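# Structural overview
Okay, here's what each chain looks like letter by letter:
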Amino acid sequence: MKLFNVFVLALSCIGICSSDSFKCTTKPAKIPKEWRDMVVPCIKILEAQVKVEIQAAMTYLAMGAHFARDTVNRPGFSMFFIKSANEERMHAIKVIEYLLMRGQLTSDVSNLLKFPLPSIGTQWENGVHALTDALQLETQVTRNIREIIETCETPKDIPFNDYHLVDYLTGEFLEEQYTGQRDLAGKISTLGKMMESHGPLGEFLYDKKLLNGEI
Amino acid sequence: MFVLGVLYAVLITTSAEFCYKDVENVCSQKLTSVLSDDLTLSNCNAKYGGIDSMQIELQAYANGHIETSFEFLLMSTHFGNYESNRVGFKNLYRKLSDSAWEKSIDLIKYITKRGGSMNFNQLPHFKKNEKDSHVLELTEIHSLAKALDSQKQLAAEGLRLHIQAKKYQDAAIAHYLEEKFLESQSDVVRVLAGHTSDLKNMLDRDASVAIFLFDEYLQKIL
Ligand SMILES: [Fe+2]
């Protein structure tokens, strides 16, 4: 029987704990729950934000991939969007870290993201189009964050104002949203003017500026 | 000098069948038709060797890394909650998540470097073990086992792609896979196998203290 157990173990790593001689699980400690004071509607909507941020990351990644193509050849735009993709992924991680700090995500972490991730666009006509899409995406994200703030400040039928989360979202997330949106709008303006009169030449010049971090 | 001249002539004649010919076609058109915006230089791309045959495989591999990256992120999240509270395990899986994410981006850049394009809907080639597929709330030892299985699957897929690259006689892709994937994959597989073995050997007595010590150890080495 013992030999058989060893055999089963050897078959699969996941099978490690099939044997009785191992203690794979530890008894959970007794921890009071009262300190976890976030309320359900607020938790739900904040958890949903993880998906939103990851979706934004994937959209930027698709833009980065598009502008890296040989026949598109806009390395500056590609670099800019890949950097944005990394930032969006970090936003998702920041939301997760916040939920963890507040005692959440003790079960069902698998529900935070669904695989495979929803499909995204793959083609953009030019830099202005991609930047415009990016601005629209960020505008939507800002709306989402405002909605989270509203939900967590005055949750429906529950008298609990989540001051700390609201302050965090306002100070960290909204701050970044608004500065980011201003930056995108400025870029669309400059590039739009250049492409209006000079088309690909304007885009070419702008791309090199982006690449060298001069804009 | 003569050799150079011949070489030059050879280069011109070979490329004349491709991009060069496209350019000639476009340049011989009248200005008005050129302006009409149908100048396609369809042969003026970065493609050579086996990229056309390998592109789908590479796209699937990139998507496999993206999915793996998010799975590790969620595993990391689980160990970060106050009930699990294993910072070492949390950091370990976060590091694996970051690495898979970076590798997917590197692959995308490589695909486009070789004249290809990325398709995010190309499903990963490897299949998950259905039993554990997307369950990510795991005990410490189960999580190491899952991480090891998952990294070995990526490594095995890397080897398979390498064989494909050789089959299509594209040493450049084979070399890229070796340098960027195969090398680091054997490292990470070995490290995870070692962790699993260590923890397994310590679990038969007092699991809670063993896991605590092992978690502290993970925190230190990361
Ligand atoms: Fe964001």
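Named according to an unreviewed UniProt entry, chain B is Ferritin originating from Ceratosolen solmsi marchali. As its UniProt record puts it under Function (unreviewed entry), chain B is described as follows: "Stores iron in a soluble, non-toxic, readily available form. Important for iron homeostasis. Iron is taken up in the ferrous form and deposited as ferric hydroxides after oxidation."

By the naming in an unreviewed UniProt entry, chain A goes by Ferritin and is assigned to Ceratosolen solmsi marchali. Looking at the Function (unreviewed entry) heading of the UniProt record, one finds this comment for chain A: "Stores iron in a soluble, non-toxic, readily available form. Important for iron homeostasis. Iron is taken up in the ferrous form and deposited as ferric hydroxides after oxidation." The UniProt entry for chain A carries the following text under Sequence similarities (unreviewed entry): "Belongs to the ferritin family."

## Considering the overall build of chain B
Scanning chain B from terminus to terminus reveals 8 helices and 0 strands. Secondary structure of chain B in N-to-C order comes out as α-α-α-α-α-α-α-α. Residues counted as buried form 47% of the 222 residues belonging to chain B. A separation of at least 24 residues holds for 78% of the contacts in chain B among residues at least 6 apart in sequence.

## Considerations on the interface of chain B and chain A
Facing 56 residues of chain B, the contacting portion of chain A comprises 49 residues. Each partner contributes to the roughly 4,400 Å² buried at the junction of chain B and chain A, and carbon and sulfur atoms together form 70% of this total. Looking only at chain B, the three residues that lose the most surface to chain A are Phe-70, Tyr-82 and Trp-101 of chain B, adding up to 17% of its buried area. Counting across the interface, chain B meets chain A through 3 salt bridges. The salt bridge involving Lys-33 of chain A is made with Glu-83 of chain B; its shortest N-O contact spans 3.2 Å. The interface formed by chain B and chain A contains 10 residue pairs in polar contact (both at pLDDT 80 or more). Those elements giving two or more residues to the side of chain B that touches chain A turn out to be helix 4 (51-80), helix 5 (87-113), helix 6 (140-167), helix 7 (171-202) and helix 8 (207-221) of chain B.

## Side note on the UniProt feature "binding site: Fe cation" (unreviewed entry) in chain A
All names here are of chain A. Using the residue numbers shown here, the UniProt feature "binding site: Fe cation" (unreviewed entry) corresponds to Glu-53, Glu-88, His-91, Glu-138 and Gln-177. Spanning 125 residues, the named residues nonetheless gather at one spot, since no C-alpha pair among them exceeds 12.5 Å. With respect to the helices and strands, the residue Glu-53 is situated in helix 2 (residues 40-67). A residue is classified by how much of its surface remains accessible, and Glu-53, at 0% relative accessible area, is buried.

## Focus: the environment of Ser-184 of chain B
All names here are of chain B. With respect to the helices, strands and loops of the structure, Ser-184 is situated in helix 7. When its relative accessible area of 27% is taken as the criterion, Ser-184 is described as partly exposed. A sequence separation of 126 residues divides Ser-184 from Leu-58, and the C-alpha atoms of the two residues are 18 Å apart.

## Describing the confidence of the model for chain A
Per-residue confidence for chain A averages 91 on the pLDDT scale, and 90% of its residues sit at or above 70. Segment residues 1-11 of chain A is flagged for pLDDT under 50; beyond a separation of four residues in sequence, or across chains, it makes 6 contacts in the model.

## Overview of the coordination of the iron ion
All names here are of chain A. Looking at the metal site, the iron ion is ligated by Glu-53 (OE), Glu-88 (OE) and His-91 (ND1), spaced 2.2 Å from it. Along the chain, the residues donating to the iron ion are arranged with the sequence spacing E-x34-E-x2-H. With Glu-53 in helix 2 and His-91 in helix 3 (residues 75-101), the pair connects residues that are 38 residues apart, well separated along the chain. The exposure classification of Glu-53 matches that of His-91, with both residues buried.

## What to know about a negative patch on the surface
Together, Glu-178, Glu-179, Glu-183 and Asp-187 of chain B give the surface a local cluster of negative charge. Tracing the backbone through its elements, the reader meets Glu-178 of chain B in helix 7.

## Quick look at the environment of Lys-21 of chain B
Residues and elements named next belong to chain B. Residue position: Lys-21 is located in helix 2 (residues 19-28). Taking the relative accessible area as the measure of exposure, Lys-21 reaches 47% and is therefore partly exposed. Note: C-alpha distance between Lys-21 and Lys-166 (145 residues apart in sequence) is 30 Å.

## Considerations on the packing of aromatic side chains
For the structure shown, the criterion picks out 19 aromatic pairs over all chains. The interplanar angle of 65° and the centroid separation of 5.9 Å between the aromatic rings of Tyr-168 of chain A and Phe-173 of chain A together place this pair among those described as edge-to-face. When the ring of Tyr-61 of chain B is compared with that of Phe-181 of chain B, the centres are 5.4 Å apart and the planes differ by 45°; the resulting orientation is tilted. Remark: Phe-181 of chain B occurs in helix 7 and Tyr-61 of chain B occurs in helix 4; sequence separation between them is 120 residues. A single burial state applies to Tyr-61 of chain B and to Phe-181 of chain B, both of which are buried. What links up through ring pairs into an aromatic cluster is the set Tyr-60, Phe-67, Phe-77, Phe-80, Phe-81 and Tyr-206 of chain A. A cation over an aromatic ring shows up here: Lys-94 of chain A above the ring of Phe-173 of chain A, its NZ or CZ 5.2 Å from the ring centre. Residue placement shows Arg-114 of chain B over the ring face of Tyr-48 of chain B; its charged tip is 4.1 Å from the ring centre.

What counts, and where the lines are drawn
Within each chain, residue numbers correspond to sequence positions counted from 1 in written order. Written order determines the labels here, with chains lettered from A and ligands numbered from 1. Side-chain atom pairs in this predicted model are given and counted only at pLDDT of 80 or more, local residue features only at pLDDT of at least 70, and totals for whole chains, interfaces and linings cover all residues. By convention in this description, side-chain values take in all heavy atoms of the structure and omit both hydrogens and water. UniProt positions are given in the numbering used here, feature names are shortened, and annotations may be inferred rather than shown by experiment. For helices the rule is a DSSP run of H or I covering at least 4 residues; for strands it is a run of E covering at least 2, with both sets numbered from the N terminus onward. Here the term buried applies to any residue with accessible area under 20% of the maximum for its type, exposed to any over 50%, and partly exposed to those in between, with areas from a 1.4 Å probe on protein chains only. In this description, contact between two residues means that some pair of their heavy atoms is separated by no more than 4.5 Å. Defined here as a combined quantity, buried area equals the accessible surface (1.4 Å probe) lost by two parts on assembly, summed across both. By definition, a salt bridge exists where a carboxyl oxygen of Asp or Glu is found within 4 Å of a side-chain nitrogen of Lys or Arg. Two N or O atoms count as a polar contact when they lie within 3.5 Å, although within protein this holds only if one can serve as hydrogen donor and the other as acceptor, and sequence-adjacent residues are included solely when both atoms are side-chain atoms. pLDDT measures how confident the predictor is about each residue, on a scale from 0 to 100. Each metal site lists N, O and S donors within 2.8 Å (3.2 Å for Na, K and Ca). With water left out of the atoms, a site can look as if it is missing ligands. Surface patches are defined over residues having more than 30% relative accessible area and no salt bridge, joining like charges when they lie within 9 Å and nonpolar side chains (Val, Leu, Ile, Met, Phe, Trp, Tyr) when within 5 Å. Reported accessibility uses the Shrake-Rupley method at a 1.4 Å probe radius. Residues are deemed covered only where the shown protein chains occlude them. His is not counted, nor are the chain ends, whereas Lys and Arg count as positive and Asp and Glu as negative. We put the charge of a Lys on NZ, of an Arg on CZ, of an Asp on CG and of a Glu on CD. Pairing of aromatic rings covers Phe, Tyr and the six-membered ring of Trp, with a centre-to-centre limit of 6.5 Å; geometry is then stacked below 30 degrees between planes, edge-to-face above 60, and tilted otherwise. We call a charge positioned above a ring when the Lys NZ or Arg CZ atom is no farther than 6 Å from the ring centre and deviates by at most 35 degrees from the ring normal.

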